[in-house]
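Inside the fold
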Amino acid sequence: MMKMKEINIARTIVKMRREKGLTQEDIANYIGVSKASVSKWETGQSYPDITFLPQLATLFNISIDELMGYEPQMSKEDIRKLYVKLSADFASKPFDEVLDSCRVIAKKYFSCFPLLFHIGTLLVNNSMEAGDKEKTLSVLSEAKELFVRVKTESEDAELVQLALNMEACCALMMGNPNEVIELLEGTSHKILSSEALLASAYQMIGKSKDAKLILQVAIYQHMGYLFGALTDYLMLCTDNPEQFDITLKRANDIAEAFDLKKLHPSLLMKLYIVAAQGCTMLGKTERALEILEKYAELVTSNIYPLQLKGDEYFYLIDQWIEEFDLGNTLPRSEKIIRKSMADGVINNPAFTILADEIRFKRIVEKLKNNCEERYSP
C-alpha cells in the first residue's frame, strides 16, 4: 500500500517551534513537563498526553488536527494511484481480499468524499466478479451506502450530483426501478448550459484558447450524452422496426461524424451490442451477425489502452481530462474489460439463437483469443 498522509505530530511540533522561535525548554515550561519529554515528542519516541493537545495547539495558534499533522483526505494524485492499484488488484487477486482492502481504506478516509465516490465506483464496476448473485447484490449495497454518504455529507455540488446518479445506478442494478424513479424523477429534464456564456466572456477579454476549450468540452460531452441516449433509446424501439432502423442510422451517423472508433470506441461497443440484440429480436439474423462482426473487429483492434482522450478535432480537451480525479484512468483493469467484452456476446442470452451459425462461432473464437493472447502466461 502506498504511503498516505498520516498523523505526524513530531514533525509539526518541530516545525512550529522553530517558526515561533521557541526552545524545547520554552514549550516544556508552558505545558508543565520536562524538556526531555518535549525532546521525545519531537523525535517520535513518545506522544504528548491527549490533555496537552489543546495547550500545544493554542501555543502554536493552530487547530488540533493541524498540530497532529493529520489530514483525513487524499490528494487527487493519491486517489488516482490508489484507484489504479485497486483496479489491477481486482483483476489479479482474490475478490474478497481486494474488497476488504477497499473497506479498510474507506473507513480510514471516511471524510474524503472524492475517495469514497471512487471506491464506490470501483465496487460497482467489479461487482459482477463477486461470484454469485447474492454477493453481487451485497457489494452493490455497500457501494450504494458510500454514494449516499457522499451525497448527504459533501459540499461539492458536482460530486453530490454524481453520487446521486451512482446511487440510482446501484438501485437499478439491484432491481429496484421504483427507487431509481424516486431518486431521479424531476431532476433530469432540465438542460442548463453555461458554456456559451462563458466562452463568449473569454472571447471578449481576448482569451480565445480558453473559449475554444470550453466549447470543445461542451461539444464532446453533449455528443457523448446524445450518443448514449440514442443507444438506450434503440433498446426501446424493437416494437417499432422503422423507428429502430432510423435510430440506428442516426447513431451510426454520429459515430462516423465524430470518428468514435478512434475517439471513444467504448460508446460504439455498447451500440453494436444493443443493435445486434435488437436485430435478433426483430428476426434480422444476417444484420445481427454483421453488427457482431463489426463489434469483434473493433474490440480486437489496436484500441488499447482504452482511455478518455482528444483527437485532431478535440485537440484541447486532454488538459480538461487530466483535471479529473482519475485523469484518463480506466474504470476497470484492461483484463476485466477484455473479458467483459467477450462475455457481452458469449454469455448474452439474446444471442443464443445464433449459436449454431458458423459466423457467430468465428466471432466467439475471435473474442476469446482477444482475452487469451494478451494475458496468457
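Residues numbered from 1 in each chain as written. Predicted model: local features only at pLDDT ≥ 70, side-chain atom pairs only at ≥ 80, totals over all residues. Heavy atoms only, no water.

So, the pattern of salt bridges
Definition in use: What counts as a salt bridge is simple: a side-chain nitrogen of Lys or Arg found within 4 Å of a carboxyl oxygen of Asp or Glu. Put simply, DSSP marks the helices as runs of H or I at least four residues long and the strands as runs of E at least two long, and each gets a number from the N terminus on. Exposure categories follow from relative accessible area, calculated using a 1.4 Å probe and restricted to protein chains: below 20% of the type maximum is buried, above 50% is exposed, and the middle band is partly exposed.
Taken as a whole, this structure holds 18 salt bridges when the rule is applied. A salt bridge links Lys-144 to Glu-179, with the shortest nitrogen-to-oxygen separation between them at 2.8 Å. Of the two residues, Lys-144 is situated in helix H9 (residues 133–153) and Glu-179 in helix H11 (residues 177–184); the sequence distance between them amounts to 35 residues. We classify Glu-179 as partly exposed; its relative accessible area is 23%. Among the ionic pairs, Glu-290 bridges to Arg-287, the shortest N-O distance being 3.0 Å. Of this pair, Glu-290 and Arg-287 both sit in helix H17 (residues 285–299), three residues apart, which is roughly one turn of that helix. Looking at Glu-290, the relative accessible area reads 35%, which means it is partly exposed. When salt bridges with common partners are traced through the structure, they connect Lys-85, Asp-89 and Lys-93 into a single cluster.

Here's the deal with a nonpolar patch on the surface
Convention followed: Each patch is assembled from residues with relative accessible area greater than 30% and no salt bridge, linking like charges that lie within 9 Å and nonpolar side chains (Val, Leu, Ile, Met, Phe, Trp, Tyr) that lie within 5 Å. Accessibility throughout is a Shrake-Rupley quantity obtained with a 1.4 Å probe, and a residue counts as covered only by protein chains that appear here.
Where nonpolar side chains cluster on the molecular surface, the patch consists of Leu-215, Ile-219 and Tyr-313 and spans about 270 Å² of accessible area. Position of Tyr-313 among the secondary structure elements: in the loop between H17 and helix H18 (317–322).

Quick look at helix H1 (residues 9–20)
For an α-helix the count is 3.6 residues per turn, leaving residues at separations of three or four pointing the same way. Cut-off, in case you're wondering: Residue count minus one, scaled by 1.5 Å, sets the expected span of a helix.
Taking 1.5 Å per residue as the helical rise, H1 with its 12 residues ought to reach 16 Å, and the 16 Å between its terminal C-alpha atoms agrees with that figure. In the stretch just after H1, Gly-21 is the one whose phi turns positive, near 70°.

A short note on the environment of Tyr-272
On the secondary structure map, Tyr-272 appears in helix H16 (residues 265–281). Look at Tyr-272 and you get buried, because its relative accessible area is 8%. Considering only alpha carbons, one finds Tyr-272 and Leu-248, 24 residues apart in sequence, at a separation of 9.5 Å.

Some details on the environment of Cys-371
To keep things clear, this is the line we draw: Throughout, a residue-residue contact means that at least one pair of heavy atoms, one from each residue, lies within 4.5 Å.
The residue Cys-371 is located in helix H20 (residues 358–375) in this model. Relative accessible area serves as the criterion here: at 19%, Cys-371 is assigned to the buried category. Along the chain, Cys-371 and Arg-149 lie 222 residues apart, while their C-alpha atoms are 37 Å from each other. Ignoring any residue separated from it by four or fewer positions in sequence, one finds Cys-371 in contact with Arg-338, Lys-339 and Ala-342.

Remarks on the packing of aromatic side chains
What counts here: Pairs were defined over the aromatic rings of Phe, Tyr and Trp, the Trp ring being its six-membered one, requiring ring centres within 6.5 Å. Orientation was assigned from the angle between planes: stacked under 30 degrees, edge-to-face over 60, tilted for the rest. We call a charge positioned above a ring when the Lys NZ or Arg CZ atom is no farther than 6 Å from the ring centre and deviates by at most 35 degrees from the ring normal.
Following the criterion strictly, the structure yields eight aromatic pairs and no others. For the pair Trp-41 and Phe-52, a centre-to-centre distance of 6.1 Å together with 45° between the ring planes defines the contact as tilted. One end of the pair, Trp-41, is in helix H3 (residues 35–43); the other, Phe-52, is in the loop between H3 and helix H4 (53–60), with 11 residues separating them in the sequence. Site record: aromatic cluster; members linked through ring pairs are Tyr-220, Phe-258, Tyr-313, Phe-314 and Trp-320. Positioned above the aromatic ring of Phe-110 is the side chain of Arg-149, whose terminal nitrogen or guanidinium carbon lies 3.9 Å from the ring centre. Directly above the ring of Tyr-304 sits Arg-338, whose terminal nitrogen or CZ lies 3.7 Å from the centroid.

Some remarks on the confidence of the model for the chain
This is how it is decided: Confidence of the predictor at the level of single residues is captured by pLDDT, which takes values from 0 to 100.
Averaged over all residues, the pLDDT of the chain is 89; the fraction at 70 or higher stands at 93%. Mean pLDDT per element in the chain: helix H5 (residues 64–68) is the minimum at 78, and helix H14 (residues 241–257) is the maximum at 97. Within the model, pLDDT remains below 50 along residues 1–5, and this stretch shows 14 contacts once partners closer than five positions in the same chain are excluded.

Details of the nonpolar core
In a soluble, globular protein the nonpolar side chains are often hidden away together inside. Rules: Nonpolar core, defined: a set of buried Ala, Val, Leu, Ile, Met, Phe, Trp, Tyr and Cys residues in which side-chain atoms within 4.5 Å join the residues together.
In this structure, Phe-227, Leu-292, Tyr-295 and Val-345 are the most contacted members of the largest nonpolar core, which totals 52 residues. Top element by residues in this core is H16. It accounts for 10 residues. Phe-95, Phe-117, Leu-122 and Ala-163 belong to the second largest nonpolar core, which has 36 residues in total.

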